[in-house]
Amino acid sequence: MRTAAITLVGLQIVLRAWSIQGGWFYSDDFLLLEKTAVEPFGLDVLMRPHDSQLMPFGIALVWLVSHAGPFAWMLTATLTLLIQVVASTSCYLMLRTVFGDRWGILAPLALYLFAAMSPDVVMWWAASLNGLPIQAAFFLLVSAVVVWARDRRARAVVWAVLALALAAASGPRGLVMVVPIGLFMTFFLSPGGRWFTKPWTVARLHWPFVVPLAVLAAGYVAVYAMTTPSPVAAVGDAPALQIGRQLVGTAWLAPLVGGPWQWRLVADPVSVAAPPLVAHVVAAIVVVATLVVLVRRNPRPALAALAMLAAQLLVTYLAIVFGRGLQVGELAALLTRYLADTLPVTALALGLATMPVLVAGAPAFRRELPAPGALSRPRRFLMAGAAIVMLTGAVASTLAYVAPWHREFPAREFVANARATTAADPVPVADVEVPELVQLPIHHPHNLPSHLLSPYGDLVQTSKSGNDLRILDNRGRSSQANISGGTVAEPGDEEGCGLRIGSRPQRVELTRDGMDEFPWTSLNYAASADGQAQVRFDGRRAYEIDIAAGPHTYFLVGDGAYSTMEIRTTTPSLKLCLDVVRAGPISALS
C-alpha cells in the first residue's frame, strides 16, 4: 500500500513539474513582481496587502523571485513545485495518521492528487501563493488534531499552531479551515452526547488545543482589519442561484469523477470548466449513487462527513457571492482556483465516509468497505476499471487546462516581444495601456509598459513625450507610433515650411470632434538645429519640448481635450517649421 501511495505522489509531482515549468507569469503576477522589485526585504513589505490578501508568506516568495532577476520563471516554478511536494506529502501523511495504513486511503489520496478541481492554483502563480500553502496547512492541522486526540501531548499543539500560522500567513482564506476542522472535531472526536451538546464537549475536552488556535486566529483577524481594505468595491447583487448551480454542479461535481473533460477559454490562458451535458448527468448519477451506498452502510460517519463538506462548500459559495461574484457574476463560480480550499476537505470527507478514524470514541462503522482482496473478481475488475477511467479523465482534463499556459499566450508573447524589439531598437516607447488580455484596465496604471516591464529596469524605456516615439503594438513589438483618427490641422501655407514658429506664440485651432478625453498630440516639424520649444493647450500649463535638427514628429499627451494649441520656440535663433498637427488616439503605424 505504501508503495502504491508513494507512486501516486511521485506521478503527480512529475505531472506538476511538467505543467509548471512550461507556464509563465500572468495578471496579478506582474503586480506582485513590480511592487517588490525595488524594495528592501522587511516587515513593511511583508505586511502590505495585495488585492485584499494579507499574505506575508507569499510576499516573501515574491520578493525572492523579484530580486533573482527579471521574470525569473524557473525559480518561480521550482518554489511552486516544492510547495506542491509539501502539500501532497502532507496529504498522504494526514490520511495515514487519521485512518492508518490501509488500501482505502488511496482513493482520497488520488482524488486530491489528480482531480482537476483547482488546476489554475498550480498554473497561476499569484493563486498558488495562497492555495498551495493553505492546502498543506490543512493537512498538517488535521494530522495535529488527531495526534492530540490520541495522546494529548504539547507537540501536537505546537504543530497545530504552526500549521494555522502558515495558513493565515498565506491569506485570509486560510482561516476558513477552522470551519471543517471544527466540525471534524465535533462529529468525530467528541464521544457521546447529542449533536447540539457536542461543541461544548469539544471545548471541554480539547480546550488546551483549541485556545491557542483561537488566539492566533483572533490576532490575524485584528491585524487584517487594521491593514487591509475591503476586498471588493462593487454595486449590485451577485446572481446567487446561478453561482450555486455552477459552483456545485459544474466546477465541483464533474472533477469528482474525472472531469470536466472540456474547458472554455475566457481570458487566455485562463479557462473555466465546461463539461458536456452528458458529463453533468453521469457525474450526478455516480456521486449520488455513491452517497446513497455510503449512507446506507454507515449512516452516522457518512452524514457527518457530508455535513462537514457541505459547510465548506457553503463558506466557499458565500465568499464568491459576496466577493468576486459581485464583479464577474456566475463566471466566478467556474474559476476553479476558488475550489482550491475545498479539494482537501473533499478528500478528507471521502475518507471519513469510507474508513473509521483511529481515535477512541470516533463513530463506529457497522459495515466497513471490503479490502480489494475480499472482493470477487468481477467486482475487482469493475472497481479497477472505474478507477482507471476516472484517473485517465482527471489527467486528460488537467493536460487540456495546462495547454494554453504552454503556448505563447498574450501576456507571455507581449513581454517577450517587447524585450526583444526594444533591445534591438532602444528608442523610448509611448507609455500607453497594453491590451486587455495582457493586463486588465482595472489595474491602471499597472497596465502601462512603465509598470508591466519594470523588472527589466532601464532596458525598456518608456515616455509620455518625445521625438519619433515608438509604441508597442498588440503583440508587444516596438513599432512606429502614429496618431490615427481624432482631428488634424495644417496650420500654415508658407511654401516649404507650413507655419513658421518663432519666439512669439503661434496659435493652431483644432476641433474637438473625435478627440479623446486625454488625446495624444503629434507635431510634424522641421528644425534648423537642436533646441527647445514651449506648447500650451487652451492656455493651460506649459510643456517644454525638445526639438531635434531636421524633420521629426514630436508626440506628447497633454492635460485634456483642447481647441487651441499655442507653440513658440525658447531657443534663440532656432528656425522651426510646423507642418501638421494631429490630436487623437495613438497606435502603431500599420
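What counts and what doesn't
- Residues numbered from 1 in each chain as written.
- Predicted model: local features only at pLDDT ≥ 70, side-chain atom pairs only at ≥ 80, totals over all residues.
- Heavy atoms only, no water.
- Helix = DSSP H or I, 4+ residues; strand = E, 2+ residues; numbered from the N terminus.
- Buried < 20%, exposed > 50% of the residue type's maximum accessible area, 1.4 Å probe, protein only.
- Contact = heavy atoms within 4.5 Å.
- Areas by Shrake-Rupley, 256 points an atom, 1.4 Å probe, with all protein chains shown as cover.
- Lys, Arg positive; Asp, Glu negative; His and termini not counted.
- Charge placed at Lys NZ, Arg CZ, Asp CG, Glu CD.
- Axes fitted to C-alpha atoms, helices over the stretch in contact; angles between N-to-C directions.
- Parallel < 35°, antiparallel > 145°, perpendicular 65-115°, else oblique.
- Left-handed = near helix turned anticlockwise from the far one by under 90°.
- Nonpolar A, V, L, I, M, F, W, Y, C, P; charged D, E, K, R; others polar.
- Phe/Tyr/Trp six-rings, centres within 6.5 Å; stacked < 30°, edge-to-face > 60°.
- Lys NZ or Arg CZ within 6 Å of the ring centre and 35° of its normal.
- Pairing = 2+ DSSP bridges.
- Disulfide = S-S within 2.5 Å.
- pLDDT = per-residue confidence, 0-100.
- Polar contact = N/O pair within 3.5 Å; in protein donor to acceptor, adjacent residues only side chain to side chain.
- Expected span 1.5 Å × (residues − 1).
- Patch = residues over 30% accessible without salt bridge, like charges linked within 9 Å, V, L, I, M, F, W, Y side chains within 5 Å.
- Salt bridge = Lys/Arg side-chain N within 4 Å of Asp/Glu carboxyl O.

Across its full length, the chain holds 20 helices and 17 strands. Seen along its three principal axes, the alpha-carbon backbone of the chain occupies a region of about 100 × 50 × 45 Å. Taken across its 590 residues, the chain has 51% of its residues classed as buried. Counting contacts in the chain only where the partners sit at least 6 residues apart, residues at least 24 apart contribute 76% of the total. Split by element, the accessible area of the chain, about 25,800 Å² in all, is 63% carbon and sulfur. One way to put it: in the chain the 43 positive side-chain charges average out to a point 23 Å from where the 38 negative ones average out.

Before going further, it helps to examine unusual backbone geometry. For the peptide bond that leads from glycine 259 to proline 260, omega is 5 degrees, which places it in the cis range. Cis geometry is adopted by the peptide bond preceding proline 445, which originates at histidine 444 and carries an omega value of 5 degrees. With respect to the helices and strands, proline 445 occurs in the loop between β3 (429-430) and α20 (449-452). Of note in this structure, serine 573 is not a glycine but carries a positive phi near 70 degrees.

Interhelical geometry of helix α1 (residues 2-21) versus helix α5 (residues 73-99) gives an angle of 160 degrees and a closest axis separation of 10 Å. As far as their axial angle goes, α5 and α1 are roughly antiparallel. In the packing of α1 onto α5, the handedness of the crossing is right-handed. Each of Arg2, Ala5, Val9, Gln12, Ile13, Arg16, Ala17, Ile20 and Gln21 in α1 lies in contact with α5, whose residues at this interface are Trp73, Ala77, Thr80, Leu81, Gln84, Val85, Ser88, Tyr92 and Arg96. By residue class, the composition of the contact of α1 with α5 is 10 nonpolar, five polar and three charged.

With that settled, the discussion passes to the packing of aromatic side chains. Pairs of aromatic rings are described using the distance from one ring centre to the other and the angle between the two planes. This structure, assessed with the given rule, holds 21 aromatic pairs. Both rings, one in phenylalanine 25 and one in tryptophan 73, keep their centres 5.0 Å apart while their planes meet at 85 degrees; by these two values the pair is edge-to-face. A residue pair is termed long-range when its members are at least 10 positions apart, and phenylalanine 25 in the loop between α1 and α2 (28-36) and tryptophan 73 in helix α5 qualify at 48 residues. On the basis of relative accessible area, tryptophan 73 is assigned to the buried category, the value being 8%. Three or more aromatic residues link up through ring pairs in this structure, and these residues are Trp24, Phe25, Phe30, Phe71, Trp73, Trp125 and Tyr456. It is arginine 419 that lies over the ring of tyrosine 456; its NZ or CZ is 5.5 Å from the centre.

Below, the discussion takes up the pairing of strand β14 (residues 550-557). Note: strand β5 (residues 465-467) against β14, three bridges, orientation antiparallel. Bridging across to β14, glycine 466 finds its partner in phenylalanine 555.

The next point concerns the state of the cysteines. Overall, the coordinates contain one disulfide when judged by the stated rule. Between cysteine 497 and cysteine 577 runs a disulfide, and the two sulfur atoms are separated by 2.0 Å. Its torsion about the S-S bond being -105 degrees, the disulfide of cysteine 497 and cysteine 577 is classed as left-handed. With a gap of 80 residues between them, cysteine 497 in the loop between β8 (487-489) and β9 (499-501) and cysteine 577 in strand β16 (residues 576-584) connect regions that are remote in the sequence. Accessibility assignment for this pair places cysteine 497 and cysteine 577 in one class, buried.

Summary statistics for the chain give a mean pLDDT of 91 and a share of 97% for residues scoring 70 or more. Of all secondary-structure elements in the chain, the lowest mean pLDDT belongs to helix α15 (residues 325-328), at 81, while α5 reaches the highest, 97.

Here histidine 206 shows up in helix α11 (residues 198-227). A polar contact of 3.0 Å, which involves the side chain of histidine 206, links it to the side chain of tryptophan 148. Those residues in contact with histidine 206 that sit more than four places away from it in its chain are Trp148, Ala149, Arg152, Met185 and Leu189.

Let us look at α5. Helix length check: α5, at 27 residues, gives a terminal C-alpha distance of 39 Å against a target of 39 Å (1.5 Å per residue), a fit within 8%. Glycine 100 occupies a position one or two residues after α5 and carries a positive phi of about 85 degrees.

Here the focus is a nonpolar patch on the surface. Residues Trp207, Val211 and Val215 make up a contiguous nonpolar surface patch of about 320 Å² in total accessible area. Classification of valine 215 by relative accessible area gives exposed; the value is 57%.

One open sheet holds the four strands; their spatial order is β10-β15-β12-β13, and the pairing between them is antiparallel. The open sheet has two edge strands with one neighbour each: β10 (506-509) and β13 (542-547). When strand polarity is set aside, the average angle formed by the axes of neighbouring strands in this sheet is 25 degrees. Pairing of β10 with strand β15 (residues 564-569), which is carried by four bridges, proceeds in the antiparallel orientation. Each bridged residue has a counterpart across the sheet, and for glutamate 509 the counterpart in β15 is threonine 564.

Right, let's get into the pattern of salt bridges. Inspection of every chain in the model, using the stated rule, returns 19 salt bridges. The shortest N-O distance in the salt bridge between arginine 412 and glutamate 408 comes to 4.0 Å. We note a salt bridge from arginine 475 to glutamate 413, for which the minimum N-O separation is 2.8 Å. Separated by 62 residues along the polypeptide, arginine 475 in the loop between β6 (470-472) and β7 (478-483) and glutamate 413 in helix α19 (residues 410-424) bring together distant segments of the chain. Residue class for arginine 475 comes out partly exposed when judged on its relative accessible area of 40%.

Turning our attention to helix α9 (residues 154-169). Over its 16 residues, α9 extends 22 Å from the first C-alpha to the last, a length consistent with the 22 Å expected when each residue adds 1.5 Å. Of the residues making up α9, those classed as buried are Ala156, Val157, Ala160, Ala163, Leu164, Ala167, Ala168 and Ala169. With its phi angle positive at about 140 degrees, glycine 171 sits one or two positions after the end of α9.

In this fold, leucine 141 is placed in helix α8 (residues 125-151). Taking C-alpha positions, leucine 141 is 10 Å from leucine 213, a pair spaced 72 residues apart along the chain. Look past the residues within four positions of leucine 141 in its chain and what remains in contact with it is Ala160, Ala163, Leu164, Met177, Ile181, Phe209 and Leu213.

Moving on: the packing of helix α12 (residues 240-252) against helix α14 (residues 299-321). When two helices pack together, their arrangement is captured by the angle between the axes and the distance separating the axes. Where α12 contacts α14, the axes come no closer than 10 Å and their chain directions differ by 130 degrees. With respect to α14, the element α12 is oriented oblique. Remark: the crossing between α12 and α14 carries right-handed chirality. Packed against α12, whose contacting residues are Ala240, Leu241, Ile243, Gly244, Leu247 and Trp252, the element α14 presents Leu309, Leu313, Thr316, Tyr317, Ile320 and Val321 at the interface. The class makeup of the residues in the contact of α12 with α14 is 10 nonpolar, two polar and no charged.

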